Amino acid sequence: MFAMIIVMLASCTKQQPAQEEQDAASFILSFAPAWNLGNNMDAHRDGMAREDGFDNPPATEAVFATLEKAGVKGVRIPCTWMGWIGEAPDYKVDEARLARVKELVMWAHNHNLKVMINIHHDGFGAEFDPEKRKAYWLDIATAAQDSAVNEQIKAKLYALWFQIASYFKEESADWLMFETMNEIQDGYWGKGAHLTDGGAQYRVLNEWNQVALNAIRAAGGENSRRFVGVPGYVTSPELTCEHLVLPTDCVEGKLLVAAHSYDPWPYAGSGENSEWGHTGTDVAPYCDEAGYVWKLDQLVETFVKQGVPVYYGEFGCVYRGDEKGEAFRKYYIEYVCKAMADRGIVGFWWDNSYEMVGDDAFGLVNHNTGEFIQNGAEVLEIMAKAWGCKDADYTLESIYNRAPQF
């Protein structure tokens, strides 16, 4: 059944949205400053998506109340579905999983936050045990080599998105959007077989984005006008610019491009380097202000100038905990956020609720209590200023000239 619908939707007639419809660029900008409920609904363990899979307690409404007070306007709620999907041909999704996702979505909405949900860790991560990899059913490496496997995956992907979209069909497209997938890859983070397979994995991902979009539109209701984000390979800005082909949509102006940025990872992600930018000494090679801006400008040239908005579905910089380290961290955050804002790009901070120092220390708010973690309130203030301040003397250059001096 689902395969038949996929074919039918691929040839649907394009429609123009009504004149009063919000355009995609202004819609995504209305999320800023934006934030991720990371390591909760995306978490998993032993082949099963579970909210405590990455050792976080359940999220509560308190976190959204804190975000609202802090000036956050939009949230991304990453959702993993492995273990909650039934067998072919219906691939029925467990009602309990859908209900929990909706509870979080509505809590956010009740606190005046716009919301994005997706399919998250159902594609490969850093897991190479063959038995454990079986749970990651969005297996792009195998699909690129086996057309029968690819067709099975597409049927499951269509069924899942059709059910998610149907479940949320009455929720307004003015505040709820979907993102088809997250960081789809073969498990090697941009350094695997996709480099030597003649582009097969890139082509499969483009097919998958089309299938997901078809399912969303077919679900009807508000989904006929809903904004949808589509990722490039591993959400790499470079690979997205080179290989993403936007799916064909039945309605104009509702697609956005998703990329991620923790650049440079040795500084922003692992904390191996303690400083960043032109005044730093312990910096990653070739990773500075100009390098960051260059990647943004490639996305602008490839998509934004062609009328397709771009957002960073994830970005962040890990907590240091010492005066010098935090001075460079706050400079990095303000500079990259302002660089995004100047280009009409929104960045969603990856908040995993971890209260720690160094590698993976992205926590700003405790997802269970709603209390700030360390200087999380200050980080959100910096983000709000970068996207909200319109003073003529608040420029990227003025931030650059205030870089830390030690």
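A quick note: this is a predicted structure, and the numbers were derived from the prediction, not measured.

Calculation criteria
Residues numbered from 1 in each chain as written. Predicted model: local features only at pLDDT ≥ 70, side-chain atom pairs only at ≥ 80, totals over all residues. Heavy atoms only, no water. Core = buried A, V, L, I, M, F, W, Y, C linked by side-chain atoms within 4.5 Å. Buried < 20%, exposed > 50% of the residue type's maximum accessible area, 1.4 Å probe, protein only. Contact = heavy atoms within 4.5 Å. Axes fitted to C-alpha atoms, helices over the stretch in contact; angles between N-to-C directions. Helix = DSSP H or I, 4+ residues; strand = E, 2+ residues; numbered from the N terminus. Parallel < 35°, antiparallel > 145°, perpendicular 65-115°, else oblique. Left-handed = near helix turned anticlockwise from the far one by under 90°. pLDDT = per-residue confidence, 0-100. Pairing = 2+ DSSP bridges.

Undergrad: Even after reading the chapter, I still don't get the nonpolar core, so can you show me in this structure?
TA: Considering soluble globular proteins, one finds that nonpolar side chains tend to be buried as a cluster. Formed by 125 residues in total, the largest nonpolar core has its most connected members in Phe 64 and Ile 77. Those residues within four positions of Ile 77 in sequence are excluded, and the remaining contacts are Leu 37, Met 41, Phe 64, Leu 104, Val 105, Val 115, Met 116, Ile 117 and Asn 118. One finds Ala 49, Met 82, Ala 135 and Tyr 136 within the second-largest nonpolar core, a separate group that totals five residues.

Undergrad: Sorry if this is basic, but what is going on with the packing of helix α11 (residues 289-302) against helix α12 (residues 323-342) here?
TA: For any two helices packed against each other, the geometry comes down to the angle between their axes and how far apart the axes lie. As a packed pair, α11 and α12 sit with axes 10 Å apart at the nearest point and diverge in direction by 30 degrees. Between α11 and α12, the angle falls in the class roughly parallel. Here the hand of the crossing between α11 and α12 comes out right-handed. Contacts from Glu 289, Tyr 292, Val 293 and Leu 296 of α11 reach α12 at Tyr 331, Tyr 332, Tyr 335, Val 336, Ala 339 and Met 340.

Undergrad: Got a minute to help me understand the confidence of the model for the chain in this structure?
TA: Note: predicted coordinates in regions of low pLDDT should not be interpreted at a detailed level. A residue-level look at the chain finds 94% of positions with pLDDT of 70 or above and a mean pLDDT of 93. Here residues 1-11 scores under 50 on pLDDT; set against residues more than four positions off or in separate chains, the count is 16 contacts.

Undergrad: Please clarify how the sheet that holds strand β4 (residues 74-77) should be interpreted in this entry.
TA: One closed barrel holds the eight strands; their spatial order is β1-β4-β5-β6-β7-β8-β9-β10, and the pairing between them is parallel. Between one strand axis and the next, the sheet turns by 30 degrees as a mean value, whatever way the strands run. Taken together, the two bridges between strand β6 (residues 176-179) and strand β7 (residues 228-231) define a ladder with parallel strand orientation. When the sheet's bridge partners are listed, Glu 179 is paired in β7 with Gly 229.

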